[in-house]
Structure formats: structure tokens, C-alpha cells
Amino acid sequence: MSDFDLIVLGGGSGGLAAAFRAANHGARVALLEPHLLGGTCVNVGCVPKKAMWLAAEIAGKLSMAETLGFATRHGQLDWPVFIAHRQRYIENIHQSYKRRLDAAGIATLPMRAHFVDARTVECNDGVRLRAPKIVIATGGRPQRLQVAGAELAGVSDDFFHLCHAPKRVALIGSGYIAVELAGVLQALGSQVELFARNSRLLASFDAELAELLAEDYRQSGVHLHFDYRLQALERDGARIRLRAADGVAGEAFDTVLFATGRQPNTDGLHLENVGVAMDMRGQVQVDAWQSTNVDGVYAVGDVTGQLTLTPVAIAAARRLMDRLFGGQSGAKLDYRDVATVVFSHPPIAIVGLTEAAARAQHGDAVQVFRTGFRPMLYALADVPQRSLFKLVCVGDERRIVGIHLLGDGADEIMQGFAVALKRGITLDDLHDTVAIHPTSAEEVVLMR
């Protein structure tokens, strides 16, 4: 039996942030993680995904180079060479975490644990740890649709095990993971078909931007199937066929990947031992302070289902530790107006309300401003890809409540404008700002 001030279950982004911040405040911390440090983001999410996205971006630029006058030959990506660079980068992150954990004096245990009571967890080697405060930060994992033959397909994690671009790929889903994988695989040499149960891509994003992104994808060669109902997956030799609910089966694919949502990693925690409340999906229920219904037990990150984004998990964990150990009684995360990016091709970035959500809240007080254009590089190369920027404003002062950007550089442009939106910027404030020319970003301050 070992006693600590804090036990953190899970060494992903949220768990690590909690452990480091608590230790910084002087707490004695134990961190339990049975797999690789960094969780989904570092190992099978944000980091390797962005690496592959960058490779796809380079491939796209190379495809335009000869048109623009460069004496170059567009070659195929050597996947093993690039993956070696990708994994070296990730291993450096792992080593950095280990050094920081040692320096902070955090007891790091590479094992699972389950609750015995609200103050005690038991590791899978039988050792029991006690602490007055326990944080659940076990994250989530991809899920498959419950259809016949589902085991024939992979999930989004399996994308990172690929060592070449499959000739024909089917992606099941229409959310950000499906959209990101579709863009990357198509750019790196696969023929991609995306099968969406919905009638559009990215249901929670602005409809106009999602529609233009779909058109950009069609121009790049991605085949989109909307309102598709999958009935079964069937083996066809070494390949796989999709059979729709109407009984029709199309051509066979070399690889099929599910990108149909994620489920929380709460199995095996024995939360029933302490009565921690969960919803029907198994997500841990927390209040605005990250507290569960059991005193001394908290949860952060994807396991809660609250804005499942790495920076959100980190921010929520840090504020929780500031309150529990740093004497900041009012510290909690403001979940409003959190910016996010889908690393599609081109990327799509949003912060605040969509036009539909704004009209539902503010009715006729909403004004919308938009501009569509072709970025200079694509105009020079005579490539049809277009960008669309959109502002959603409310009231006579035209306070900006939503910013939506689709186009090259949207991921980098949005960060600064997200700060401005949080500070209550108006359309007149943008008009008072001198534009940087020639850039795509200037279109935001010139919008009328």
C-alpha cells in the first residue's frame, strides 16, 4: 500500500498535463499508463496524423511544380523512409516525457489499475495505491459499426500501420477522422472512396464550407457516397466488398477503414465499485469543474466526451490541478468558443457558432459575411481548388460570434482570430485592421 496526494489513471495528454501541473504545485503524484506515454494524440492521433498530412501537402505541391516551371520529376513517397522519420519524432516525445516525469518526481507505473474504493486503486500486479484525489484520464478508442463482417475492416489506428498506399481504399464515416484520412491517402497515391451515412461531410461544421470541401475532394479524385447504409463487409479473395442495405455490392477494395466514432476507455476500471456515474456510452459524467458525482474522483479528456480535442484535455487538466493543489478556487475551463481544425486538403478551421446555430439563438439579429477565392498558388498553377471564409455576426455592433475558414493556411490563420473572437471583436475592428498583402489571411479583415 502506497500513499500519494494524487493518482492519475492514464498517461495521455490530459493525464500527463494533470500529473505535471499537480507535481509543480508540490503534490506527490502517481501516474499509471499501461501503454505508450502520450496516448492517442502522440501515438495514433494528432502527431502522426499531422506528419502524414505534411507528407500529403508536399506531394500536392510537387504535383504543381512542373506546371510552374520547375525541372523536377514527381516521385512516389517512400513510406518506410518517411515512417522512420515520423517514428523518430514520436520517440523523441516519449523520451522527453520520461525525462520530465523523472525530474518532477512523479511515480510512473506502466500498468493498469481499477478502483477498489473512492480512495484506492489496485494495479494489475496486486499493488494498491491510495490518494484523496484520483483523476480518470483513460481516453478513448476507435469503434467499428456493428455489421456482418466488421472484423474484416481496420479502424483509424490501423492507418498508422500502413507501409504503403493501398491501391483502393474505402473509408466508412463522414467526420473529421474520415475526412482527414481520405485527403491524405488520396494525395499519397490511393484511390479513395468515402461512404457516409449522413448527407454531407462534417455534420457539426458550417454547411457551406463542408459543401465546398466536398467539391474540392471530388476535384482531387475522392469519390463520395452520401446517405449510404452499410449492411455487411464480405471477403473477395484478398480484397473486401461493401454491401449496402439495398443489397448492392460494389467493386472490391484493398483496404477498408472504419472512422465511425470513438468509445471511452472505462472498461475494467470497476467504476461500479465507487458509484461513478456514466452515460449510456460509458463516458464518465462530470460537471463544469471536472468533478464526478463521487467526492475526490475527477475526469478529464476524451473519457468524458467533452470536446474530444487534445488541447481541451490539457487545459481542463491544468485548471483542475490549479484548483485542487494551486489554491485557485475558481479555476475551470471555459468550453465556449474553442477553435478547432480538420486537417483536410485544404484544412478547415472553425471557432464559435455556425450560421445555423447563431440563427437558432439570435434569429434576425444575425448577419453573415463571406468571401470565396482561389489562393495565388492554385491560380498560378491553374488548379481548381478554392477557399471560402465566412464570418457570423450578431447585433447592431456586428459582434463576431463565428469564424469559419476553408483553405490553405486556415489552420495557422485561425489561432490569432480565435483570440480576437474570445475578446469580443466586431466587424468594425477587423475593418480597422490594415491587411497584410498578398495573403489569404487578409480576406478576413477585408470581408464586407
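So, here's what we can say about the structure. (Residues numbered from 1 in each chain as written. Predicted model: local features only at pLDDT ≥ 70, side-chain atom pairs only at ≥ 80, totals over all residues. Heavy atoms only, no water.)

### Some thoughts on the packing of helix α3 (residues 46–65) against helix α5 (residues 176–187)
The condition is simple: Note on geometry: axes are lines fitted to C-alpha atoms, helical ones only across the stretch in contact, with angles between N-to-C directions running from 0 to 180 degrees. What counts as a helix is a DSSP run of H or I of at least four residues, what counts as a strand is a run of E of at least two, and both are numbered from the N terminus. In these notes the angle categories are as follows: under 35 degrees is roughly parallel, over 145 is roughly antiparallel, 65 to 115 is roughly perpendicular, and the rest is oblique. Take the far helix as your reference; a near helix turned counterclockwise from it by less than a right angle gives a left-handed crossing, and one turned clockwise gives a right-handed crossing. We call two residues contacting when some pair of their heavy atoms lies within 4.5 Å.
Running from N to C, α3 and α5 cross one another at 45°; their axes reach a closest spacing of 8 Å. Overall, the two elements α3 and α5 adopt an arrangement that is oblique. Relative to α5, the crossing made by α3 is left-handed. Residue-level inspection shows Lys49, Met52, Trp53, Ala56 and Ala59 of α3 in contact with α5, the latter providing Glu180, Val184 and Ala187.

### Remarks on the nonpolar core
Here is the rule we go by: Only buried residues count toward a nonpolar core. Its members are Ala, Val, Leu, Ile, Met, Phe, Trp, Tyr and Cys residues joined through side-chain atoms within 4.5 Å. Using a 1.4 Å probe on the protein chains alone, a residue whose accessible area is under 20% of its type maximum counts as buried, one over 50% counts as exposed, and one in between counts as partly exposed.
Phe159, Leu188 and Leu202 are the most contacted members of the largest nonpolar core, which totals 41 residues. Counting only elements with at least two residues in this core, the list comes to α3, α4 (79–104), β11 (168–172), α5, β12 (191–195), α6 (207–220) and β20 (348–352). With 7 residues, α5 is the largest single contributor of residues to this core. Beyond its immediate stretch of four places on either side in the chain, Phe159 contacts Met52, Leu181, Val184, Leu185 and Leu257. Of all hydrophobic cores here, the second largest spans 33 residues; its members include Val29, Leu31, Ile90 and Leu320.

### Some words on the environment of Gln186
Along the chain, Gln186 turns up in helix α5. For the pair Gln186 and Phe373, spaced 187 residues apart in sequence, the C-alpha separation works out to 23 Å. Those residues in contact with Gln186 that lie beyond four places of it in its chain are Gln191, Val192, Ser220, Gly221 and Val222.

### Description of the sheet that holds strand β23 (residues 399–406)
Where we set the bar: Whether two strands pair comes down to DSSP finding at least two bridges between them.
Pairing is antiparallel across the open sheet formed by 5 strands, whose spatial order is β19-β20-β23-β22-β21. The sheet terminates laterally at β19 (340–342) and β21 (366–373), the two strands that pair on one side only. If you compare each strand with its neighbour and ignore which way they point, the axes differ by 15° on average. In this structure, strand β22 (residues 387–394) lies alongside β23, joined through 7 bridges in antiparallel fashion. Pairing of Val394 across the sheet is with Arg399, part of β23.

### Some points on the side chain of Ser174
Heads up, the rule is: Two N or O atoms form a polar contact when they lie within 3.5 Å of each other; inside protein one atom must be a possible hydrogen donor and the other a possible acceptor, and for residues adjacent in sequence the pair counts only when both atoms belong to side chains.
Tracing the backbone shows Ser174 in the loop between β11 and α5. What makes Ser174 buried here is its relative accessible area of 9%. Of the polar contacts made by the side chain of Ser174, one reaches the side chain of Asn198; its length is 3.1 Å.

### Examining the side chain of Thr292
Mapping Thr292 onto the fold places it in the loop between β17 (262–264) and β18 (297–299). Of note is the side chain of Thr292, whose polar atom sits 3.1 Å from the backbone nitrogen of Val294. A polar atom in the side chain of Thr292 sits 2.8 Å from the backbone oxygen of Val297. Apart from the residues lying within four places of it in its own chain, the contact partners of Thr292 are Val276, Val284, Gln285, Val286, Val297, Tyr298 and Ala299.

### Side note on a nonpolar patch on the surface
Test applied: Each patch is built from residues that are more than 30% exposed by relative accessible area and take part in no salt bridge. Like charges join if they lie within 9 Å; nonpolar side chains (Val, Leu, Ile, Met, Phe, Trp, Tyr) join within 5 Å. Accessible areas in this description were obtained via Shrake-Rupley with a 1.4 Å probe; residue shielding takes into account the shown protein chains only. By definition, a salt bridge exists where a carboxyl oxygen of Asp or Glu is found within 4 Å of a side-chain nitrogen of Lys or Arg.
There is a patch of nonpolar side chains on the surface, built from Leu68, Phe70, Met376 and Leu380 and spanning about 440 Å² of accessible area. Following the sequence through the fold, Leu380 ends up in helix α9 (residues 376–380). For Leu380, a relative accessible area of 58% gives the class exposed.

### A short note on the sheet that holds strand β1 (residues 2–3)
Spatial strand order, β1-β7-β6-β5: 4 strands in an open sheet with mixed pairing. Since the sheet does not close on itself, it has two edges, and those belong to β1 and β5 (113–117), each with one partner. Across 2 bridges, the pairing between β1 and strand β7 (residues 128–130) is parallel. What sits directly across from Asp3, in β7, is Arg130.

### Here's the deal with the pairing of strand β8 (residues 133–136)
With 4 bridges joining them, strand β2 (residues 6–9) and β8 adopt parallel strand pairing. Bridge pairing in β8 links Leu6 to Lys133. Pairing of β8 with β18, which is carried by 3 bridges, proceeds in the parallel orientation. Along β18, the bridge assignment pairs Ile136 with Ala299.

### Some points on the packing of aromatic side chains
Quick note on the threshold: Each pair of aromatic rings taken from Phe, Tyr and Trp, with Trp reduced to its six-membered ring, is defined by centres within 6.5 Å and is described as stacked if the planes are under 30 degrees apart, edge-to-face if over 60, and tilted in the remaining cases. Counting as a charge over the ring demands two things of the Lys NZ or Arg CZ atom: a distance within 6 Å of the ring centre and an angle within 35 degrees of the ring normal.
For the coordinates displayed, the defined rule picks out 5 aromatic pairs. When the ring of Phe159 is compared with that of Phe160, the centres are 5.1 Å apart and the planes differ by 75°; the resulting orientation is edge-to-face. Taking the relative accessible area as the measure of exposure, Phe159 reaches 2% and is therefore buried. When the centroid spacing of 5.9 Å and the interplanar angle of 90° are considered together, the rings of Phe195 and Phe253 count as edge-to-face. With Phe195 in strand β12 and Phe253 in the loop between β15 (239–244) and β16 (255–258), the pair connects residues that are 58 residues apart, well separated along the chain. The pair formed by Phe195 and Phe253 is uniform in burial state, with each residue classed as buried. One aromatic cluster is present, built from ring pairs that chain together Phe195, Tyr228 and Phe253. The ring of Phe253 has Arg168 lying over it, and the distance from NZ or CZ to the ring centre is 4.3 Å.

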